[in-house]
Amino acid sequence: MGDGETRLLRMAELGYGEPVLIARPWRTRLLTIMIRTANRASLVQPGARLFESQKENPMKRNLLSLSTLPLVLILVACGAAPEPTPEPAAEAPAPVAEPEGPTRTIVNITGDLYRAQNNNHATVFLVTEEGIIMSDPINRDFATWLRGEMETRFDQPVRYVLYSHSDFDHASGGEVFADTAEFVGHENMLEALAEPSEMALPADVAELDANGNGEIEPAEAAGNLENNFSLFDANGDGMLSGGEVARGPVSDVYPPTETYADRLTIELGGKRVEMFHPGPAHSANMSVLHFPDESAAFVVDFISLGRLPFQTLNGYDHDVWTGEMRAVEALGAEYVIPGHGVVGGTADVAEHRQYFEELHDAVAEGIAAGASLEELQASVTMDAYSGWLNYEQWRPLNVEGMYAFLTQ
Ligand SMILES: [Zn+2]
């Protein structure tokens with residue numbers, strides 16, 4: 001990773017096209033980035049803003065900004081919730097202005113590698129003379145927008161869609177590129193996208209089945225089932241079976257046309273992307289994309305930078321996850337680009353791993369001393385990370401997830 005310098009950029013997530021940039025004061029660096037939004041283009045020198053914002057804690061500032069967003073935007077961060085439709089705060093008067101569209105940006109990372117963002121979700125793409133290699137399509141509406149932008153700016157078709165994993169909030173909408181692209185994913189994606197199996201409604205969902213017919217109708221659906229009803233409804237019969245609920249809202253995920261087991265190199269127009277399966281973190285079909293010539297890596301959901309891990313660490317296994325984080329560190333990438341949040345470097349991945357290790361040790365010690373979960377949620381404060389995003393909301397949930405892992 002060269003001189004060990006890293007950067008954290010938070011780009012245009014919190015205001016329409018307005019870059020909000022964050023870096024830790026002891027690790028700042030000037031980067032010239034091109035930020036374009038649907039209706040504006042600007043050349044930004046982050047450094048000026050960075051130094052300006054050092055007077056206050058930029059992380060805190062950002063947390064405050066985040067806390068004003070609807071809760072649904074926070075919940076959407078990792079696969080469990082639908083694309084947010086911002087709602088006005090209950091106490092606020094109804095806005096007169098027309099509703100805001102999603103915040104979408106395309107930012108050049110380095111060379112011909114770009115990060116494209118749809119609200120809180122991000123993907124990457126690499127432009128070559130023979131077409132574009134991209135990662136997650138995110139959703140159909142975004143993919144349609146992105147295709148238009150790519151045609152306008154680069155006049156190149158998408159030749160490859162490389163999936164980070166099968167979760168609907170990252171993998172939906174790929175059909176938009178199906179006329180020109182191959183779709184590549186880890187082989188376990190096929191099982192995740194297979195036809196729903198015959199099974200009863202899961203217990204928590206069966207409670208919604210008011211008429212007791214063993215399926216969920218639109219009037220009975222709530223939460224994620226309600227918000228993404230048609231994406232759950234694989235056979236389009238207007239009812240959700242147990243198998244459809246268990247499979248998840250993946251009906252608009254275009255299946256991989258090519259799969260791999262351990263690693264795969266994609267070459268196009270003299271450029272290359274290495275795809276590898278780090279193991280079963282967050283989902284059973286994770287892929288990391290490594291761009292060796294750009295010294296960049298794209299990682300989704302099992303690593304985030306400058307932000308606490310998602311809620312209760314679903315699927316967490318300490319040795320497996322930390323090993324996978326070390327595998328990403330071993331790439332030595334100058335740019336580590338996550339599917340949510342800020343762009344950083346290898347040192348930020350190491351900090352994320354250290355967070356897990358310190359959380360693990362603190363909770364394990366507490367359990368050995370006979371502390372209850374509630375006591376640990378109060379005492380394991382992880383103060384060194386109080387500047388990270390979602391510290392207030394997710395720290396107690398992280399403790400809960402670690403406690404469950406250590407006591408299961
Ligand atoms: Zn996910």
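Above: the structure in question.
In what follows, the accompanying structure is described. (Residues numbered from 1 in each chain as written. Predicted model: local features only at pLDDT ≥ 70, side-chain atom pairs only at ≥ 80, totals over all residues. Heavy atoms only, no water.)

### Here's the deal with the sheet that holds strand β11 (residues 271–276)
Reading across the sheet, the five strands line up as β10-β11-β12-β13-β14 and stay open at both edges, with mixed pairing between neighbours. At either margin of the open sheet sits one strand with a lone partner, and together these are β10 (263–268) and β14 (335–338). The average undirected angle you get between the axes of adjacent strands in this sheet is 20°. Sheet analysis places strand β12 (residues 288–291) next to strand β13 (residues 296–299), joined by three bridges and oriented antiparallel. In the sheet register, H290 faces β13, and the bridge partner there is A297. (Pairing = 2+ DSSP bridges. Helix = DSSP H or I, 4+ residues; strand = E, 2+ residues; numbered from the N terminus. Axes fitted to C-alpha atoms, helices over the stretch in contact; angles between N-to-C directions.)

### With respect to the coordination of the zinc ion
Within the protein, the zinc ion binds to H165 (NE2), D167 (OD), H282 (NE2) and D301 (OD); these donor distances fall in the range 2.1 to 2.2 Å. For the zinc ion, the four donor atoms are set out with angles of 89 to 171° between them, so the coordination reads as irregular. (Donors = N, O, S within 2.8 Å, 3.2 Å for Na, K, Ca; no water. Tetrahedral: all angles 85-135°; square planar, octahedral: opposite > 155°, others 65-115°.)

### Details of the packing of aromatic side chains
Considering all chains together, one arrives at 15 aromatic pairs under this definition. Consider the rings of Y114 and F125, whose centres lie 5.2 Å apart with planes at 10°: the pair is stacked. Residue Y114 is located in strand β4 (residues 113–118), and its partner F125 is located in strand β5 (residues 121–128); the two are separated by 11 residues in the primary sequence. Y114 sits in the buried class, given a relative accessible area of 15%. By relative accessible area, F125 is classed as buried at 0%. Through pairs of rings, three or more aromatic residues link up here, namely Y316, W321, Y355, F356, Y385, W388 and F405. (Phe/Tyr/Trp six-rings, centres within 6.5 Å; stacked < 30°, edge-to-face > 60°. Buried < 20%, exposed > 50% of the residue type's maximum accessible area, 1.4 Å probe, protein only.)

### Observations concerning the side chain of Q156
Summarising the element assignment, Q156 is placed in the loop between α4 (140–154) and β7 (158–162). Q156 sits in the buried class, given a relative accessible area of 18%. From its side chain, Q156 meets the backbone nitrogen of G131 in a polar contact 3.2 Å long. Discounting residues that sit within four places of it in the chain, Q156 has contacts with T128, E129, E130, G131, I132 and M150. (Polar contact = N/O pair within 3.5 Å; in protein donor to acceptor, adjacent residues only side chain to side chain. Contact = heavy atoms within 4.5 Å.)

### Regarding the packing of helix α11 (residues 318–329) against helix α12 (residues 346–368)
Taken N-terminus to C-terminus, the directions of α11 and α12 make an angle of 165°; their axes are 9 Å apart at the nearest point. Taken as axis vectors, α11 and α12 run roughly antiparallel relative to one another. Here the hand of the crossing between α11 and α12 comes out left-handed. Along the contact surface, α11 presents H318, W321, T322, M325, R326, V328 and E329, while α12 presents T346, V349, A350, H352, R353, F356, E357 and H360. In terms of residue class, the contact of α11 with α12 is made up of six nonpolar, five polar and four charged. (Parallel < 35°, antiparallel > 145°, perpendicular 65-115°, else oblique. Left-handed = near helix turned anticlockwise from the far one by under 90°. Nonpolar A, V, L, I, M, F, W, Y, C, P; charged D, E, K, R; others polar.)

### Looking at α4
Its 15 residues place the ends of α4 20 Å apart at the C-alpha level, agreeing with the 21 Å of an ideal helix rising 1.5 Å per residue. Looking at α4, one finds that the buried residues are F142, A143, W145, L146, E149, M150 and F154. Along the long axis of α4, the arc covered by the buried residues comes to 160°, so they all point the same way. Away from the buried face of α4 by more than 90 degrees, exposed residues D141 and T152 are located. At its buried positions, α4 is contacted by β3 (104–110), β4, β5, β6 (131–134) and β7. The opening residue of α4 is N139, an N-cap whose side-chain oxygen sits 3.1 Å from the backbone nitrogen of D141. Phi turns positive, to about 50°, at D155, one or two residues after α4. (Expected span 1.5 Å × (residues − 1). Arc of directions from axis to C-beta.)

### Brief notes about the nonpolar core
Within the largest apolar cluster, 35 residues are counted, with the highest numbers of intra-cluster contacts made by F302, I303 and L359. Not counting residues within four places of it along the chain, the set of residues in contact with I303 comprises M325, V328, P338, V349 and H352. Counting residues in hydrophobic clusters, the runner-up holds 27 residues, among them A116, L146, V176 and F183. (Core = buried A, V, L, I, M, F, W, Y, C linked by side-chain atoms within 4.5 Å.)

### So, the pattern of salt bridges
Inspection of the entire model under this criterion finds 12 salt bridges. Across the pair D112 and K271 runs a salt bridge whose closest N-O atoms are separated by 2.2 Å. Of the two residues, D112 sits in the loop between β3 and β4 while K271 sits in strand β11, which places them 159 residues apart along the sequence. Ionic pairing is found between E357 and R353, a salt bridge with its closest N-O pair at 3.1 Å. Taken together, the residues span about one helical turn, with E357 and R353 both in helix α12 at a distance of four residues. Given a relative accessible area of 8%, R353 falls into the buried group. Salt bridges linked by common partners bring R326, E329, R353 and E357 together as one network. (Salt bridge = Lys/Arg side-chain N within 4 Å of Asp/Glu carboxyl O.)

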